[in-house]
Amino acid sequence: MKKTVLVSGGAGFIGSHVTVELIEAGYDVVVADNFSNCDRTCYEGVKKITGREDLPLEVIDFCDADATKKLFAKYPIDAVIHFAAFKAVGESVAKPLMYYKNNLMSFLNVLEAAQEKGGCNVLFSSSATVYGEPDAVPVTEATPRKPAMSPYGNTKVMCEDILHDAVKASEGKLKGILLRYFNPIGAHPSALIGELPRGVPNNLVPFITQTAIGKRECLNIFGNDYPTPDGTCQRDFIDIVDLARAHVFAVTRMVEGKMKKDVETFNVGTGRPYSVMELLNAFEKVNGVKVPHKFAPRRPGDVTAVWADPTLANTEMGWKATRPIEETLKAAWAWECKLAGK
Ligand code: UD1
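Here is a short report on the structure shown in this document. Because the structure is predicted, anything quoted here is derived from the model rather than measured.

**Side note on the nonpolar core**
The tendency in soluble globular proteins is for nonpolar side chains to be buried as a group.
1) Next: Val5, Ile14, Leu22, Ile81, Leu179 and Val251 are the most contacted members of the largest nonpolar core, which has 44 residues in total.
2) Next: Residue contributions to this core peak at 10 residues, all from helix 8 (residues 240-255).
3) Next: Not counting residues up to four positions away in its chain, the partners in contact with leucine 179 are Leu123, Phe124, Ser125, Ser126, Ser127, Ala246, His247, Ala250, Phe266, Val268 and Met317.
4) Next: One finds Ala32, Phe72, Tyr75 and Leu111 within the second-largest nonpolar core, a separate group that totals 27 residues.

Here it is in structure tokens:
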């Protein structure tokens, strides 16, 4: 029998790519989204890529506890992947209560509904942000978490703890996996789904592609005086399709009962750091475009360097990042060109 996975926030950037990979791996997927931070482009794109015109879509706000319970009652859900959350670091500093309310309430409602239904496997989308400015790189899952530098980051830390506590008290009804993403970038090779930032992008790659296409005048490189080889920050940029595949491995591990602990944590990164300048240079080279840029002051809250030690995910889950950065940056550019109708 096919297993069913509920993907909250399934119409967003990561959720839509995960939905594609799950369907291609043979899962039934229920996409749930309130479209507060995306439109239907990616949902429609997923249907085209997978040929699943009948892909279930539930328009729901997970802050609504009753609606969440009804949704769990409607489908035979074997696993839930929870993406539905606000994700802009700067906005979270300006509107902390909005972030805590939305990101915590929606996850609490999902856990409560899952437990009341009799149990479920829960995958939570955490972030490398929980490591803060690490004392040593690369970071393993055993690297201590640091106090969060923003309310957004704090919601990730808090949701990790909430999942641990809920699973512990659930008498075996709940099991969970925490995936800590590094920097997801790129787009599906079909150019039918990708990142759709609203307004001015906060993240590096959408800002690069929008500058390259002429939507933005100039890319600011935030800081060139960091203690790194070229002075710019270093990150672990992970291809969105590789990242999405990690979810299939994690879900399969949960539904097939292969977990070694009731809550497991995995880093989802490549293990290879790129500096901001290296990434920009690679983008210009593979796509044959110029990106006007200048150095600007450091951005408050940025860490100098963080990248993953992905050994645990490689060995335990059998997942490994495989897409070369050139392919990832080509896909990001193809998606931007598609959006611009070029
Ligand atoms: C941030 C969040 C992370 C989240 C990720 C994806 C923190 C500290 N970081 O990561 O949790 O998962 O976004 O949403 O909470 N840069 C520029 N110019 C720009 C934009 C970025 O130079 O216009 C630089 C930044 O200074 C940074 C690097 O590019 O050094 C990556 O930035 P960004 O894409 O925003 O990701 P993070 O801040 O690493």
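**A closer look at the sheet that holds strand 1 (residues 4-8)**
1) Next: Strand order across the open sheet formed by seven strands is 3-2-1-4-5-6-11, with parallel pairing between neighbours. Each of the sheet's edge strands pairs with one partner strand only, and the pair in question is strand 3 (57-59) and strand 11 (263-268). Across this sheet, the average inter-strand angle for adjacent strands is 20°, counted without regard to direction.
2) Next: Sheet analysis places strand 1 next to strand 2 (residues 28-33), joined by five bridges and oriented parallel. Across the sheet, the residue bridging to serine 8 is alanine 32, located in strand 2.

**A word on the side chain of threonine 211**
1) Next: Here threonine 211 shows up in helix 7 (residues 204-213).
2) Next: A polar contact of 2.6 Å, which involves the side chain of threonine 211, links it to the backbone oxygen of phenylalanine 207.

**Topic: helix 6 (residues 151-169)**
1) Next: Between its terminal C-alpha atoms helix 6 stretches 26 Å, which fits the 27 Å expected from 19 residues at 1.5 Å a residue.
2) Next: One or two residues past the end of helix 6 sits glutamate 171, with phi positive at roughly 50°.

**A short note on the packing of aromatic side chains**
1) Next: Inspection of the entire model under this criterion finds four aromatic pairs.
2) Next: Aromatic pair phenylalanine 283 and tryptophan 333: ring centres 5.8 Å apart, planes at 85°, arrangement edge-to-face. Placement of phenylalanine 283 in helix 9 (residues 276-287) and of tryptophan 333 in helix 11 (residues 325-339) is noted, with a sequence separation of 50 residues between them.
3) Next: By relative accessible area, phenylalanine 283 is classed as buried at 0%.
4) Next: When the ring centre of phenylalanine 35 is taken as origin, the NZ or CZ atom of arginine 40, which lies over that ring, is 4.7 Å away.
5) Next: Against the face of tyrosine 226 rests arginine 298, its NZ or CZ located 3.9 Å from the ring centre.

**Here's the deal with the site of the ligand**
1) Next: The environment of the ligand is made up of 18 residues, and the closest members are Leu204, Asn220, Arg235, Arg299 and Asp302.
2) Next: Between an oxygen atom of the ligand and a main-chain N or O atom of leucine 204, the distance comes to 2.8 Å.
3) Next: Between the ligand and the protein, one listed contact pairs an oxygen atom with a backbone N or O atom of phenylalanine 222 at 2.9 Å.
4) Next: A total of 740 Å² of accessible area belongs to the ligand in isolation, and the protein chains cover 89% of it.
5) Next: Elements with a contribution of two residues or more to the shell around the ligand: helix 7 and strand 8 (219-222).
6) Next: Of the residues contributing to the shell around the ligand, the split by class is nine nonpolar, six polar and three charged.
7) Next: No fewer than three residues from each of domain 1 (4-185 + 239-268) and domain 2 (204-235 + 272-308 + 319-335) sit in the shell around the ligand.

**So, the pairing of strand 11**
1) Next: Of all the six residues making up strand 11, six are buried; the element is thus mostly covered by neighbouring parts of the structure.
2) Next: The alternating pattern of strand 11 places Val263, Thr265 and Asn267 and Glu264, Phe266 and Val268 on opposite faces, both of which are buried.
3) Next: When strand 6 (residues 174-181) meets strand 11, the two strands line up parallel, connected through six bridges. Following the sheet pairing, leucine 178 is matched in strand 11 by threonine 265.

**Section: unusual backbone geometry**
1) Next: Note that the residue after valine 137, namely proline 138, is joined by a cis bond; omega there is -5°.
2) Next: Mapped onto the elements of the fold, proline 138 is located in the loop between strand 5 (120-127) and helix 6.
3) Next: Unlike most non-glycine residues, phenylalanine 35 shows phi in positive territory, near 55°.
4) Next: Secondary-structure assignment places phenylalanine 35 in the loop between strand 2 and helix 2 (41-50).
5) Next: Phi at glutamate 171 is positive, roughly 50°, even though this residue is not glycine.
6) Next: Tracing the backbone shows glutamate 171 in the loop between helix 6 and strand 6.

**With respect to the pattern of salt bridges**
1) Next: For the structure shown, the criterion picks out 24 salt bridges.
2) Next: The partner of lysine 69 in a salt bridge is glutamate 116, and the shortest N-O contact between them spans 3.5 Å. Pair noted here: lysine 69 is in helix 3 (residues 65-74) and glutamate 116 is in helix 5 (residues 96-116), with a separation of 47 residues, a long-range link.
3) Next: On the basis of relative accessible area, lysine 69 is assigned to the partly exposed category, the value being 29%.
4) Next: Put simply, glutamate 316 and arginine 253 hold a salt bridge, and the shortest N to O gap is 2.8 Å. With a gap of 63 residues between them, glutamate 316 in helix 10 (residues 311-317) and arginine 253 in helix 8 connect regions that are remote in the sequence.
5) Next: For arginine 253, a relative accessible area of 7% corresponds to the buried category.

About the criteria used
- Residues numbered from 1 in each chain as written.
- Predicted model: local features only at pLDDT ≥ 70, side-chain atom pairs only at ≥ 80, totals over all residues.
- Heavy atoms only, no water.
- Core = buried A, V, L, I, M, F, W, Y, C linked by side-chain atoms within 4.5 Å.
- Buried < 20%, exposed > 50% of the residue type's maximum accessible area, 1.4 Å probe, protein only.
- Helix = DSSP H or I, 4+ residues; strand = E, 2+ residues; numbered from the N terminus.
- Contact = heavy atoms within 4.5 Å.
- Pairing = 2+ DSSP bridges.
- Axes fitted to C-alpha atoms, helices over the stretch in contact; angles between N-to-C directions.
- Polar contact = N/O pair within 3.5 Å; in protein donor to acceptor, adjacent residues only side chain to side chain.
- Expected span 1.5 Å × (residues − 1).
- Phe/Tyr/Trp six-rings, centres within 6.5 Å; stacked < 30°, edge-to-face > 60°.
- Lys NZ or Arg CZ within 6 Å of the ring centre and 35° of its normal.
- Near = heavy atom within 4 Å.
- Areas by Shrake-Rupley, 256 points an atom, 1.4 Å probe, with all protein chains shown as cover.
- Nonpolar A, V, L, I, M, F, W, Y, C, P; charged D, E, K, R; others polar.
- Domains from an automatic or database assignment.
- Salt bridge = Lys/Arg side-chain N within 4 Å of Asp/Glu carboxyl O.

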